[in-house]
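Single-letter residue listing:
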Amino acid sequence: MNFEAIRADGQPGYEILLGRGLLDELADALGSAVRKALIVYPEALEASATFIAETLRSKSKEVWLFPVADGESAKTDQWLGAAWSYLGQAEFSRSDAVIGLGGGATTDLAGFIAATWLRGIAVVQVPTTLLGMVDAAIGGKTGINTLEGKNLVGAFHEPKAVLADLDSLEALPKIELISGFGEIVKYGFIADSKILDLIEEDVDDARDTKSERFAELVKRSIAIKAEVVAADFKESSRREILNYGHTLAHSIELVEHYKWRHGHAVAVGLVFAAELGRLSGRLDDSTADRHRSILELLQLPTSYPADRWESIFTGMQVDKKSRGGILRFVVLDGLNKPGMLEAPTKDMLFAAYSEIAS
């Protein structure tokens, strides 16, 4: 078996297995005490879910399948309620578990199902998208969306383990793969500039899911997320740096009714945050400009329609980083030097938005 275990220290902590051909590790990740498992997955992954169920049943596990809508459409109270009913009918106990199989939206939902059933049962995350592997499945942030905003209802609930199988990315549509790079680039700017170098040196190799360069990018990204979360599990301080670019990104997703891919929205949000850092006198021009150049190299969007400013501004008001109605943004004081900008004026925000407006 070819995999590497990355430790995420926490409460009590867990391992993220990164490699290839990892599904055989799932039974061990669940542990011998787990008798029943509910696999939460989008309908497109029916074959994979069925294969996993058969494998686990051959190892004396009782397995239920719970297909959900694709993407953010699954992160609703309706799907959550349906899952609770299903768990109740199947008589799931505190010693049983949920498996999240899919992209970031699916693992968010699966984690929240586990966090809320009997005040918390185990969840093992099996992300099948790049975005899920480097971000959503790690860290224990779970939740659903409401009409008012993204991830406003949720809970902190550590997974028991995360299995990041790179083989599952080979059939991923190119647009989904590239979307995951929005988060990878974020890590490069807030914590590990080597990530940016690896992409700029050979972007084609960086996007090749079979290459060593790609595996290195995923590993570095996972390591950053795991380290930051371990230091601040409930996002009281340092973990906020992981939201770099996300205040605008979440507003875009809200305005677009979640039809934009998360990584694409983050890419635009990163350029906006860079411009905000530049306008506030905290970020140098070369680092600010590098945001746009590397994202365009990856063929990610870096602009958003000018006529949607008021809707975007309204959406930013419900961002989770706001305190007492005061907007707060993660900005850079230099490469790999994230900080917080509090209460920027609407004029400053509009000026930064004008730099990304199309």
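Values in this document were obtained by computation on a predicted structure and should not be read as measured data.

## Side note on the overall build of the protein
A tally of helices and strands in the protein yields 14 helices and 11 strands. Against the compact-globule benchmark of 21 Å for 358 residues, the protein has a radius of gyration of 20 Å, which places it among compact chains. Overall, the C-alpha framework of the protein stretches about 60 × 40 × 35 Å when taken along its three principal axes. The proportion of buried residues among the 358 residues of the protein is 57%. Once local pairs closer than 6 in sequence are excluded, the contacts in the protein between residues at least 24 apart make up 73%.

## So, the sheet that holds strand 3 (residues 36-42)
Spatially, seven strands are ordered 1-2-9-6-5-3-4 in an open sheet, and the strand pairing comes out mixed. The sheet terminates laterally at strand 1 (2-9) and strand 4 (62-68), the two strands that pair on one side only. Across the sheet, the mean angle from the axis of one strand to that of its neighbour is 20°, orientation sign disregarded. Judged from the two bridges that link them, strand 6 (residues 122-127) and strand 9 (residues 161-165) form a sheet pairing that is parallel. Bridging from a neighbouring strand, Q125 pairs with V162 of strand 9.

## Description of the side chain of E183
In this structure, E183 sits in helix 6 (residues 174-190). When neighbours within four sequence positions are excluded, E183 is seen to be in contact with L131, V134, D135, H246, H262 and V266.

## Some remarks on the packing of helix 6 against helix 9 (residues 212-231)
Where helix 6 meets helix 9, the axes come as close as 10 Å, and the angle between the chain directions of the two elements is 55°. On the basis of their axis angle, the class for helix 6 and helix 9 is oblique. Every pair of crossing elements has a handedness; the one defined by helix 6 and helix 9 is left-handed. Residue-level inspection shows L177, F181, I184 and Y187 of helix 6 in contact with helix 9, the latter providing F214, L217, S221, I224 and K225. Taken together, the residues of the contact of helix 6 with helix 9 sort by class into seven nonpolar, one polar and one charged.

## A short note on the layout of surface pockets
Taken as a whole, the second largest pocket encloses approximately 250 Å³ of empty space. Lining the second largest pocket are 13 residues; nearest its centre among them are N2, G19, L166, E212 and A215. Among the elements of the structure, strand 1, strand 2 (13-20) and helix 9 are those that each provide at least two residues to the lining of the second largest pocket. Broken down by element, the lining of the second largest pocket gets its largest block of residues, four residues, from helix 9. Here the residues of the lining of the second largest pocket sort into four nonpolar, three polar and six charged.

## What to know about the side chain of D96
With respect to the secondary-structure elements, D96 resides in the loop between helix 3 (77-89) and strand 5 (97-102). In this structure, D96 is buried with no salt-bridge partner, the nearest side chain bearing the opposite charge being R35 at 4.1 Å. A polar side-chain atom of D96 sits 3.4 Å from the main-chain amide nitrogen of R35. With residues up to four places along the chain from it excluded, the contact list for D96 reads V34, R35, K36, E91, I121 and A122.

## Some remarks on a nonpolar patch on the surface
Among the surface-exposed residues, L152, V153 and V318 lie close enough to one another that they form a single nonpolar patch of about 190 Å² accessible area. As for its placement among the helices and strands, L152 is situated in strand 8 (residues 149-156). The exposure class assigned to L152 is partly exposed, which follows from its relative accessible area of 36%.

## A closer look at helix 7 (residues 193-201)
Inspection of helix 7 places I195, L196, L198 and I199 among the buried residues, and these make up the whole buried set. Around the axis of helix 7, the buried residues are gathered within 160° of arc, so they sit on the same side. For helix 7, the secondary structure elements touched by its buried residues are helix 6, helix 8 (203-206), helix 9 and helix 12 (285-297).

## Describing the pairing of strand 11 (residues 338-342)
Taking every second residue as pointing to the same face, the buried face of strand 11 carries G339 and L341, while none of P338, M340 and E342 on the other face is buried. Between strand 10 (residues 328-332) and strand 11, which pair antiparallel one after the other, the connecting turn spans five residues, and G334 there sits at a positive phi close to 145°.

## Remarks on the pattern of salt bridges
Within this structure, the stated rule accounts for 29 salt bridges. Here E4 makes a salt bridge to K219, at a shortest N to O gap of 3.2 Å. Taken together, the residues span a long stretch of sequence, with E4 in strand 1 and K219 in helix 9 at a distance of 215 residues. Residue classification places E4 among the partly exposed residues on the basis of a relative accessible area of 35%. Of the charged contacts in the structure, one is a salt bridge between R278 and D285, with a shortest N-O distance of 3.2 Å. The structure contains a network of salt bridges with shared partners spanning E72, K75, D108, K150 and E253.

Rules behind the numbers
- Residues numbered from 1 in each chain as written.
- Predicted model: local features only at pLDDT ≥ 70, side-chain atom pairs only at ≥ 80, totals over all residues.
- Heavy atoms only, no water.
- Helix = DSSP H or I, 4+ residues; strand = E, 2+ residues; numbered from the N terminus.
- Rg over C-alpha atoms; globule rule 2.2 N^0.38 Å.
- Buried < 20%, exposed > 50% of the residue type's maximum accessible area, 1.4 Å probe, protein only.
- Contact = heavy atoms within 4.5 Å.
- Pairing = 2+ DSSP bridges.
- Axes fitted to C-alpha atoms, helices over the stretch in contact; angles between N-to-C directions.
- Parallel < 35°, antiparallel > 145°, perpendicular 65-115°, else oblique.
- Left-handed = near helix turned anticlockwise from the far one by under 90°.
- Nonpolar A, V, L, I, M, F, W, Y, C, P; charged D, E, K, R; others polar.
- 1 Å grid on protein atoms, 1.4 Å probe; cavity = no way out; pocket = protein on both sides within 12 Å on 5 of 7 lines; lining within 4 Å.
- Points joined across faces, edges and corners; volume = space filled by probe spheres on them.
- Lys, Arg positive; Asp, Glu negative; His and termini not counted.
- Salt bridge = Lys/Arg side-chain N within 4 Å of Asp/Glu carboxyl O.
- Polar contact = N/O pair within 3.5 Å; in protein donor to acceptor, adjacent residues only side chain to side chain.
- Patch = residues over 30% accessible without salt bridge, like charges linked within 9 Å, V, L, I, M, F, W, Y side chains within 5 Å.
- Areas by Shrake-Rupley, 256 points an atom, 1.4 Å probe, with all protein chains shown as cover.
- Arc of directions from axis to C-beta.

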